[in-house]
Structures are given as C-alpha cells and as structure tokens.
Amino acid sequence: MCRKRALCVILCFAALLLLMGSPVQAADTGAQAADQEAVLLPPIFEMAANFVRSTGLFNFLFPETGHFFDGIGQFVMIGIGILLLYLAINKKFEPLLLVPIGFGAILVNTPVAGMADPGGVLYYIYTIGIKTGVFPLLIFMGVGAMTDFGPLLANPKTVLLGAAAQVGIFITLIGALFLSEFVPGIHFDLFDAASIGIIGGADGPTAIFLSSQLSPHLVGPIAVAAYSYMALVPMIQPPIMRALTTKNERKIRMTQLRPVGKVEKIFFPLVVLGLCVLLLPSAAPLIGFFMFGNLMRECGVVERLSQTAQNAMINIVTILLGLGVGAQLSAAQFLNLSTLGILLLGSIAFSIGTASGILMVKLMNLFLKTKINPLIGSAGVSAVPMAARVSQKLGMEADPQNHLLMHAMGPNVAGVIGSAVAAGVLLTLKSLVI
Amino acid sequence: MIIQGLKLTLLGMGVVFSFLVLLFVLIVFFAKLLAPFTKKELSQAGARKPARNKPRQAPDEHLKLTAVISAAISAHRARSGRH
C-alpha cells in the first residue's frame, strides 16, 4: 500500500513538473524558444553517430576534405612527430628544440582540433612569434648573451674561416635551383632556394628567421632539416675533416691565446653593430639582437638582464618557437618531394661548409708563418659549440696533448656572424627582385 | 634561374668576405687601440692574485702546523712525564 502511494506521489509530481514546464515555454518569446531548441540534443543514436564522426580515428580514415590521403597523411605526420621525439629523447638530437617541435607536430595533425587553423592556439603562437620573426631574434639575443668572443678577439685571423664556411649556403642555393629545374615535382623559386641555402649556415634561429621572411611555407621542413643536421654534426664532419687533412696537419700545435681585456670585449659588439649599420642594414635585426645580447653579457652592469636573456627568456622562447615550428609540420606542407629535396640539400650544405672552412685554413697556411691547424676550419659552420667540440676530438685523436677547443671557438662564433651576414644579403632579395 | 643563383652567390660571398675581412681589420685596430686598457687590466689582475693567495694561505698553514706540532710535543712530554 505504502509503495503504491509513494509511486502515485512521484507520478503526480512528474506530471506537475511537465505541466509547469509547458506554460513557461509558451510564455517565452520567440527568440528564446529558438535558443532552447538549439540546446536540445538529437536522439541518442544520432548523438552516438555524431560522436563517432568526431573521433580522431574516424577522421583519419574519412577526412573532412574527402581525400583519403589527407587523413592518412595526418596519421603519418603524427608518426613523424613521434620519430622526432624518439630522436630527441633517445638519441639526444638537439632535444631542447626537437621535443617541442615533435610534440607540436603531433598536436597540429590532430584531426578536428584544428590547432593551427585561425583561432587555434598553435596558429597564434606561429603568427605572433615566427611569422613576425620575433622568436628567432629573441633566441639570437640569448645566444649573444651566452657567447664569449674572447677566442675570436685573441686570434682575429679565424674570422676568415667563419666567412669561408658560408660557401655552403650559396652552393646549396644553386643546388636548390638546379633541383627545381631538373627534377619534376620540385619547384623552388629564388626565395625558397635562399631559405634552403641558409640551412648551410648551421644556425637554427637564422634559418628560421630567414625562411619566415622569404618563404614561410617552408619554415617547418627547413627548421627540421637545420636542427637535425646540427645534431648530426659529430657524424657528418669527421669523415670530411679526415679526408681533407694529412696526419701531420692534424698534429699542428697552436700557440696559447693571448688574454683579452674587458674593454676590448665591450667594444666588440659595438664595432660589429657599427659595421652592420654602415654596410648591411638588412642584417641589423639578426646582428643587432645578437650583439645586444653580447653587450649585456660583457658590460658587467646589467648582470640580471644578461642572466635572464641567457636562461629564463631563451628557455621560454625556445618552447614557443619549437611549438610554432612544429605547427608548420602539417601533412600538406611536409609530405611532398620538396621536403626530401630540402633534407638532401641540407646535408650537402653542411658538408660543403665543413670542407670550405678546412680548405680556407690550408690556403691561409700557405702564407702564414705560424700555421693554423686545419681541423679548426670546420668549426666555421656555426653549430656552436658542437662543431668546435668535433675539432677538439679529432685534434686529440691525432695528438692527445693537442687542445683545439678554445682555438676552434674563434671560427665557431665567427661563423654565427658570417651566417647572419649571409642572411642579411639574402634578405635584400625582397628589394632586389624586380 | 640558375644564372640568378650564381649572381646571388657572387654578391653574397663578396659581401660576407668583405664584411668579415673588415671586421678582422677592425678587431686588430681596436686591439692595438685598447692595448693600454688590456695591459692595465691584466697587471691589476696579476697584482691581485698573488696578493690574495700567498700571505693568506701561508700563515694559516703555519699556524695550524705549529699548533699540531706543539700539541704533539706537549702530549709526548705529558706522557713521558707520567712514566
């Protein structure tokens, strides 16, 4: 009896609720009614079907665009993102950059999420930081704050090695034009070729900056190629270095570097900036930020700013830069013949840069009384400090007492200036093209 | 197109080399110009170092050593006195 009564009460209550609901609806204005109708959910089966249609799995197999390969392409790109993460975590390939880039690649290829479409978070990171060139320049400032130009100032001759190694940039540029001329399916214009060539500068921020200014659609593959090959410097360079030098040349001892004063170190960034202002204003963003960072380091009165530039800020910007570059690794932009071409040309660029640096030392040795060890020539391809370490390692192989690290830092940092200057020249393309 | 690339290469390498050769000249010039400052700095640094190291460490070690030795001697005397 009791249970029946309770049931009755509940039923009555439900009926009352329904009755109360309908007059409220009736009293609503037309617009509100439409609002409520929009909120109403479709029948449960339709809901389930819609949900299935919004899953990643469904979109991989049946992408919105209708082209089967778009979905599979995204899937493959996520695989490439994971490969980059593997290389970074397991093989320690430039992990600071490749972890964010790899993760960005996975995020950007997540179907439906549209993180790189206008309105998506990666879109904003890319548009604000990379398209404008802000992030690579801030990184360059941090690199400047970390760079000690002492070895270069102590042995200024090595500045020429930094110039010689830039040959790689321009040979690669010609190579890119060659490929686009003779290989069907690859089309690079002059801007693209210039952006690909700069990979040979072995300098990540410079490469990203230049390609973001000249051919933004290639930023992703170029950054990946540049950082991958920088990580591969210890494998690419030694065979070339051994092939181009004799054992006796590798044994050449270098005299100890003279100590460099603080005043000299403070003047140096201003001198470089002055040269840049007078001769090559187009390189002013790169060289300006680089030298600004270095002046903060050397002047000794803004220790806090210098510390921030070389630690906190460069770290924050590296995270964002990596994600932004990863955002450019969409299937449409990456999975094509051009990317293969860029990877191929990148390795050529590094090899030629290495070789030309060494050959330049050999040329200089013909005229110099105190000979230079040709092993430090290869350090002219920026890639600080990896390339200098390779010189040190090969020097120690030939003669365990021969320490080349500090000597190789000279051409190494000169290479950074050299590639920034080369980038400056290539940036003038914009105004040169008729 | 390739001809354009060659033109760009000539200009580019020309600028890179002349920029860095000029930089070389300027570095040498400034090193000469600023040599007095560098010398002063180095002599100051050179004067500071021995001034810090020698007088401080030597007496410290001396004091310790004498303390240890005298302690040992007195201990020995005390012992030999008892026996």
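Look up a bit, the structure's there.
So, how was this worked out
- Residues numbered from 1 in each chain as written.
- Chains lettered and ligands numbered in written order.
- Predicted model: local features only at pLDDT ≥ 70, side-chain atom pairs only at ≥ 80, totals over all residues.
- Heavy atoms only, no water.
- Helix = DSSP H or I, 4+ residues; strand = E, 2+ residues; numbered from the N terminus.
- Buried < 20%, exposed > 50% of the residue type's maximum accessible area, 1.4 Å probe, protein only.
- Contact = heavy atoms within 4.5 Å.
- Areas by Shrake-Rupley, 256 points an atom, 1.4 Å probe, with all protein chains shown as cover.
- 1 Å grid on protein atoms, 1.4 Å probe; cavity = no way out; pocket = protein on both sides within 12 Å on 5 of 7 lines; lining within 4 Å.
- Points joined across faces, edges and corners; volume = space filled by probe spheres on them.
- Nonpolar A, V, L, I, M, F, W, Y, C, P; charged D, E, K, R; others polar.
- Core = buried A, V, L, I, M, F, W, Y, C linked by side-chain atoms within 4.5 Å.
- Buried area = accessible area lost by both parts, 1.4 Å probe.
- Salt bridge = Lys/Arg side-chain N within 4 Å of Asp/Glu carboxyl O.
- Axes fitted to C-alpha atoms, helices over the stretch in contact; angles between N-to-C directions.
- Parallel < 35°, antiparallel > 145°, perpendicular 65-115°, else oblique.
- Left-handed = near helix turned anticlockwise from the far one by under 90°.
- Polar contact = N/O pair within 3.5 Å; in protein donor to acceptor, adjacent residues only side chain to side chain.

A look at the overall build of chain A
And then number 1: Per the secondary structure count, chain A includes 24 helices and 0 strands.
And then number 2: When the 434 residues of chain A are sorted by exposure, 51% land in the buried category.
And then number 3: Summarising the internal contacts of chain A: among those between residues at least 6 apart in sequence, 76% fall at separations of at least 24.
And then number 4: Just so you have it, chain A exposes about 20,200 Å², and 71% of that area is on carbon and sulfur atoms.

Brief notes about the overall build of chain B
And then number 1: Within chain B one finds 2 helices and 0 strands.
And then number 2: Here chain B holds 83 residues, and 18% of them are scored as buried.
And then number 3: When the accessible surface of chain B is totalled, it reaches about 6,500 Å², and 68% of it is carbon and sulfur.

Some words on the layout of surface pockets
All names here are of chain A.
And then number 1: Of the volumes computed, that of the largest pocket is approximately 920 Å³.
And then number 2: What lines the largest pocket is a set of 41 residues, among which Glu94, Val143, Met146, Val384 and Pro385 lie closest to the centre.
And then number 3: Counting only elements with at least two residues in the lining of the largest pocket, the list comes to helix H6 (95–108), helix H8 (134–146), helix H13 (204–214), helix H14 (219–231), helix H15 (233–244), helix H19 (303–326), helix H22 (386–398) and helix H23 (405–427).
And then number 4: The class makeup of the residues in the lining of the largest pocket is 29 nonpolar, 6 polar and 6 charged.
And then number 5: Here the second largest pocket is characterised by a volume of approximately 650 Å³.
And then number 6: As for the second largest pocket, its lining consists of 30 residues, of which Gln74, Val108, Asn109, Asp117 and Ser330 are closest to the centre.
And then number 7: At the level of elements, helix H5 (68–90), helix H7 (121–130) and helix H20 (331–334) are the ones that each hand at least two residues to the lining of the second largest pocket.
And then number 8: Residue contributions to the lining of the second largest pocket peak at 7 residues, all from H5.

Topic: the nonpolar core
And then number 1: In this structure, Phe268 and Ile417 of chain A together with Leu23 of chain B are the most contacted members of the largest nonpolar core, which totals 130 residues.
And then number 2: Looking at this core, the element that brings in the most residues is H23 of chain A, giving 13 residues.

Details of the interface of chain B and chain A
And then number 1: The interface of chain B with chain A comprises 29 residues on the first partner and 47 residues on the second.
And then number 2: Between chain B and chain A the total buried area reaches about 3,200 Å² when both faces are included, carbon and sulfur atoms providing 89% of it.
And then number 3: A per-residue breakdown of the area chain B buries against chain A is headed by Ile2, Leu8 and Phe19 of chain B, which together make up 21% of the total.
And then number 4: In this structure, the connection of chain B to chain A is made through 0 salt bridges.

Looking at the packing of H23 of chain A against helix H1 (residues 2–33) of chain B
Between two packed helices, the angle of one axis relative to the other and the distance separating the axes together describe the packing.
And then number 1: Here H23 of chain A crosses H1 of chain B at 140°, and the two axes come no closer than 9 Å. The angle between the axes of H23 of chain A and H1 of chain B places the two elements in the oblique class. When the axes of H23 of chain A and H1 of chain B are compared, the crossing they make is right-handed. Seen from H23 of chain A, the contacting residues are Ala414, Ile417, Gly418, Val421, Ala422, Val425 and Leu426 of chain A; seen from H1 of chain B, they are Leu8, Leu11, Gly12, Val15, Val16, Phe19, Leu20 and Leu23 of chain B.
And then number 2: Its residues placed into classes, the contact of H23 of chain A with H1 of chain B shows 13 nonpolar, 2 polar and no charged.

Observations regarding empty space enclosed by the protein
And then number 1: Counted according to the given criterion, the structure contains 1 cavity of 30 Å³ or more.
And then number 2: In terms of lining residues, the largest cavity is bounded by Leu153, Glu264, Phe267, Phe268 and Val271 of chain A together with Ile27, Phe30, Ala31 and Leu34 of chain B.
And then number 3: The set of elements that each furnish at least two residues to the lining of the largest cavity consists of helix H17 (262–279) of chain A together with H1 of chain B.
And then number 4: At 4 residues, H17 of chain A tops the list of elements feeding residues into the lining of the largest cavity.
And then number 5: Broken down by class, the residue content of the lining of the largest cavity amounts to 8 nonpolar, no polar and 1 charged.

Examining the side chain of Asn412 of chain A
All names here are of chain A.
And then number 1: Residue position: Asn412 is located in helix H23.
And then number 2: Only 2.9 Å separates the side chain of Asn412 from the backbone oxygen of Ala379, close enough to count as a polar contact.
And then number 3: Leave out the neighbours within four places in its chain, and Asn412 touches Ala379, Val381, Ser382, Ala383, Val384, Pro385, Ala387 and Ala388.

A short note on unusual backbone geometry
All names here are of chain A.
And then number 1: With an omega of -10°, the peptide bond running from Val384 to Pro385 counts as cis.
And then number 2: Of note, the phi angle at Val112 is positive, near 70°, even though the residue is not glycine.
And then number 3: Among the secondary structure elements, Val112 is positioned in the loop between H6 and H7.
And then number 4: In this model, Ala383 sits at a positive phi of 40°, which is unusual for a non-glycine residue.
And then number 5: Here Ala383 is to be found in the loop between helix H21 (337–365) and H22.

Comments concerning the pattern of salt bridges
Residues and elements named next belong to chain A.
And then number 1: Counted according to the given criterion, the structure contains 6 salt bridges over all chains.
And then number 2: Of the charged contacts, one joins Glu397 and Arg242 as a salt bridge, the two residues approaching to 3.1 Å between their closest N and O atoms. In this pair, Glu397 sits in helix H22 while Arg242 sits in helix H15, placing the two residues 155 residues apart along the sequence.
And then number 3: Looking at Glu397, the relative accessible area reads 46%, which means it is partly exposed.
And then number 4: Glu264 is paired through a salt bridge with Arg258; the nearest N and O atoms lie 2.8 Å apart.
And then number 5: Glu264 gets classed as buried once you look at its relative accessible area, which sits at 5%.
And then number 6: Arg258 gets classed as partly exposed once you look at its relative accessible area, which sits at 33%.

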